[in-house]
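Given next are the chains, with one letter for each unit.
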Amino acid sequence: MNKALLTWLVWPLVKFLVAFVIVQAIVAAMNWVERRLLGLMQARLGPNRVGPKGLLQIIADPVKFLLKEDIVPASAEKVAYFLGPILPLIPAFIVFCLIPFGPPPTFTVTRVNVGLLLILALTSTAVYGIILGGWASNNKYSLMGGLRSAAQMVSYEVPFGLSIVGVLMICGSLDLVTIVRYQEANAWNFLPQIVACFIFLVSMNAENNRTPFDLPEAESELVAGYHTEYSAMKFAFFMLAEYSMMIVNCCLIVTLFFGGWTLGMFGMGLTTDVLLHKIPYGGLLAALIFFAKVMFFLLGYVWFRATFPRFRFDQLMDLGWKFMIPLALANIVVTGVFILIGQERLLYWIGIATIGAAAYFLFFARKPAPTRKVMHASPVSEAKV
Amino acid sequence: MQVQYPKQRFSDKFLLLDMLEGLKTTLKELFKPKVTVRYPEERMEPTERFRGMFRFSYDRCIACKLCAVACPIDIIYIDVHDETIEEGGKKKKVKVLDRYDIDVKRCMFCALCEEACPTKPKSIWLTTKTYELASYDRNDLYFNAQQLEYWDDRPKYTGLPEAEETPKPKLISGGVQ
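Just so you know, these numbers come straight off a predicted model, no measurement behind them. (Residues numbered from 1 in each chain as written. Chains lettered and ligands numbered in written order. Predicted model: local features only at pLDDT ≥ 70, side-chain atom pairs only at ≥ 80, totals over all residues.)

**Here we look at the overall build of chain A**
Link 1 in the chain: Of the regular secondary structure elements, chain A holds 15 helices and 1 strand.
Link 2 in the chain: Scaling as 2.2 N^0.38, a compact globule of 385 residues should have a C-alpha radius of gyration of about 21 Å, and chain A matches this with 24 Å.
Link 3 in the chain: Judged by the C-alpha coordinates and their principal axes, chain A covers about 100 × 55 × 45 Å.
Link 4 in the chain: A total of 385 residues make up chain A; the buried ones form 41% of that total.
Link 5 in the chain: Sequence-distant contacts, at least 24 apart, represent 78% of the contacts inside chain A between residues at least 6 apart. (Helix = DSSP H or I, 4+ residues; strand = E, 2+ residues; numbered from the N terminus. Rg over C-alpha atoms; globule rule 2.2 N^0.38 Å. Buried ≥ 20, exposed ≤ 12 C-beta atoms within 10 Å, placed from the backbone. Contact = placed C-beta atoms within 7 Å.)

**A word on the overall build of chain B**
Link 1 in the chain: Scanning chain B from terminus to terminus reveals 5 helices and 8 strands.
Link 2 in the chain: Burial status across chain B gives 10% buried among its 177 residues.
Link 3 in the chain: A sequence separation of at least 24 residues applies to 70% of the contacts in chain B between residues at least 6 apart.

**What to know about the environment of L316 of chain A**
Link 1 in the chain: One can find L316 of chain A in helix α14 (residues 313-340).
Link 2 in the chain: Expressed as a C-alpha distance, the spacing of L316 of chain A and S155 of chain A, which sit 161 residues apart in the sequence, is 9.3 Å.

**Looking at the interface of chain A and chain B**
Link 1 in the chain: Counting from both sides, the interface comprises 21 residues of chain A and, opposite them, 21 residues of chain B.
Link 2 in the chain: Every element with two or more residues in the side of chain A that touches chain B is listed here: α1 (3-41), α13 (282-307), α15 (344-363) and β1 (371-373) of chain A.
Link 3 in the chain: Considering each element in turn, the side of chain A that touches chain B owes the most residues, 4 residues, to α15 of chain A.
Link 4 in the chain: Split by residue class, the side of chain A that touches chain B holds 15 nonpolar, 2 polar and 4 charged. (Nonpolar A, V, L, I, M, F, W, Y, C, P; charged D, E, K, R; others polar.)

**Details of the nonpolar core**
Link 1 in the chain: Core analysis: the largest hydrophobic core is formed by 88 residues, its most contacted members being I247, C250 and I253 of chain A.
Link 2 in the chain: Other than its neighbours up to four places away in sequence, I247 of chain A contacts V23, I26, V294 and L298 of chain A.
Link 3 in the chain: The next biggest cluster of nonpolar side chains, apart from the first, holds 13 residues, and it includes F56, C61, Y100 and F143 of chain B. (Core = buried A, V, L, I, M, F, W, Y, C linked by C-beta atoms within 7 Å.)

**Focus: the environment of D103 of chain B**
Link 1 in the chain: Counting through the fold element by element, D103 of chain B comes out in strand β5 (residues 90-103).
Link 2 in the chain: Put simply, D103 of chain B and N144 of chain B are 41 residues apart on the chain and 8.6 Å apart in space, counted from C-alpha to C-alpha.

**Observations regarding the packing of helix α9 (residues 194-207) of chain A against α14 of chain A**
All names here are of chain A.
Link 1 in the chain: For the pair α9 and α14, interaxial distance at closest approach is 9 Å and the crossing angle is 150 degrees. Classified by the interaxial angle, the pair formed by α9 and α14 is roughly antiparallel. Handedness of the α9/α14 crossing: left-handed. Residues V195, A196, I199, V202 and S203 of α9 pack against M324, L327, A328 and N331 of α14. (Axes fitted to C-alpha atoms, helices over the stretch in contact; angles between N-to-C directions. Parallel < 35°, antiparallel > 145°, perpendicular 65-115°, else oblique. Left-handed = near helix turned anticlockwise from the far one by under 90°.)

**Considering the confidence of the model for chain B**
Link 1 in the chain: Averaged over all residues, the pLDDT of chain B equals 78, while 84% of them reach at least 70.
Link 2 in the chain: Within chain B, the element-level pLDDT minimum falls on strand β8 (residues 170-172) of chain B, averaging 53, and the maximum on helix α3 (residues 66-70) of chain B, averaging 90. (pLDDT = per-residue confidence, 0-100.)

**Description of the sheet that holds β5 of chain B**
One key point about sheets: their strands pair by backbone hydrogen bonds, in either a parallel or an antiparallel sense.
All names here are of chain B.
Link 1 in the chain: Spatial ordering of the open sheet is given by β4-β5-β7, a layout of 3 strands whose pairing is antiparallel. Every interior strand has two partners, whereas the edge strands, β4 (76-87) and β7 (142-143), have only one.
Link 2 in the chain: Alignment of β4 against β5, held across 12 bridges, turns out to be antiparallel. Bridge pairing in β5 links I76 to I102. (Pairing = 2+ DSSP bridges.)

**Quick look at α13 of chain A**
Link 1 in the chain: Compared with the 38 Å implied by 1.5 Å per residue over 26 residues, the 37 Å span of α13 of chain A between its first and last C-alpha is a close match.
Link 2 in the chain: Residues A286, A287, F290, K293, V294, F297, L298, Y301, V302, F304, A306 and T307 of chain A constitute the buried set of α13 of chain A.
Link 3 in the chain: Check the buried side of α13 of chain A and you find it contacts α1, α9, α11 (232-257) and α12 (272-277) of chain A together with α2 (17-31) of chain B. (Expected span 1.5 Å × (residues − 1).)

**Examining the packing of helix α6 (residues 126-136) of chain A against helix α7 (residues 140-171) of chain A**
Residue and element names in this part refer to chain A.
Link 1 in the chain: In contact at an axis separation of 7 Å, α6 and α7 are set at 160 degrees when each is read in the N-to-C sense. With respect to α7, the element α6 is oriented roughly antiparallel. Between α6 and α7 lies a crossing whose hand is left-handed. Seen from α6, the contacting residues are V127, I130, I131, G133, G134 and W135; seen from α7, they are S142, L143, G145, G146, S149, A150 and M153.
Link 2 in the chain: Of the residues assigned to the contact of α6 with α7, the class counts are 7 nonpolar, 6 polar and no charged.

**What to know about α11 of chain A**
Link 1 in the chain: Taking 1.5 Å as the rise per residue, α11 of chain A with 26 residues should run 38 Å; its terminal C-alpha atoms sit 37 Å apart, in good agreement.
Link 2 in the chain: Among the 26 residues in α11 of chain A, 21 count as buried, and that is most of the element.

**Thoughts on unusual backbone geometry**
Link 1 in the chain: In the segment running from K120 of chain B into P121 of chain B, the intervening peptide bond is cis, with an omega of -5 degrees.
Link 2 in the chain: Within the element layout of this structure, P121 of chain B appears in the loop between α4 (112-116) and β6 (124-125).
Link 3 in the chain: Positive phi, close to 55 degrees, is recorded for N209 of chain A, a residue that is not glycine.
Link 4 in the chain: Phi at K65 of chain B takes a positive value of approximately 65 degrees, unusual for a residue other than glycine.
Link 5 in the chain: Relative to the assigned elements, K65 of chain B resides in the loop between β3 (55-56) and α3.

Right under this line is the structure:
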């Protein structure tokens, strides 16, 4: 076979398919993991009836989606209604071509030198499907959900992008592989960019419409939001896109802030060179490390969902525009100043100090619990006649 | 009652400690044992004073019909005939119970029949530990005297209708509160 064809078409395609299958398997499993974990955190058991520990739920849910009746509202805008669930799915799949799951060239589908920019561009298009679906359903709740989603995604795209700028300034590249190589040589970016990491984590939740920010599908207000009128496989497509996007964002935060496929900081531990040349099947181990980190953040999504209550819409906008964006801009300025005076190392110590202080206050100097003072009730006054 | 909140420290605001505290709480909750009882496999054992299904005693019953009178929805059906028996040379008239049925499907378990029963100990009482009264057929819930006395033999609901052997339920101590 032609060698060029092999390197440029066949291998990337095979790698993409492998990544695709693994990601879809994770999505299916997440359905069960999320419900189970959420249940356990809410003092109940979660789905445990189908199969051992409810594990067959992973199969039962897709089967249910496939067999259910596909209802299309009579007054729906047909073309847009069908495009709605498909549009967010496409970028969610394409993005996996750009993410380095392990050391290149084996574990990356393609290595693009503006990979990060491309990922940002692709993930942003997911909102079109949601708006289209919400509008085409011809249902006021769907439309409200779609509009909310649009406003939210546009608002949080800004701090999402701005928080990455700090990382780019430190690493000096938009290439995800270079960013990981920089982190293994120095420290994982969450230390010097702790503020950016926090902003990224929050806007990542908002981008995915996950629970503290799940206003587009707030079931207590909007029935089910933009997918109210969708049933069966179309609904499953929306879910598939959402969960794929969650995995994409987890991959991004791991790559940008938590050292990608490497383990160990400040040039120690399992770096790419060690993995590739010293350990048998080191590349595979690297991919597994990456996978483990991604799983941690996926479980983090569930953890946040179990912990935080939903925002009101104006609070959400306030948080985005009045807090997150100024904070992200300030982070860029501070990072820039430190780079300009050549004291990048100081940023690490700021990060370490912040984490240390948080741990100290959380575990050793806890805030005193609110005290309850029983007020003596005033004696019941005689009823005036 | 008045709740006094402690002063917000600078560190609490700056480091978002309340949110971290929340995350800590949910994480702790994850590993706590759950109290859910998975019913058909696990069953709760009721406490000693639990009031469940009726029990009737044919031997103790004097056929006075007081329970039927006390019943607010008249679902206790009693038929009685008189018999004369000789006891120590004396002729004695006794009431013999022909029929003692309770239409349990309409019963509201008010236990007024138990209250009205004059025998000691009661010949109809509710302090049994059975609460599994569900049935696939409403006619199964019409109990005659014999059924009322020996309903322990009734096949129990196991969750698996075709199961041949009744799995031994795992009893959980502590009981129903």
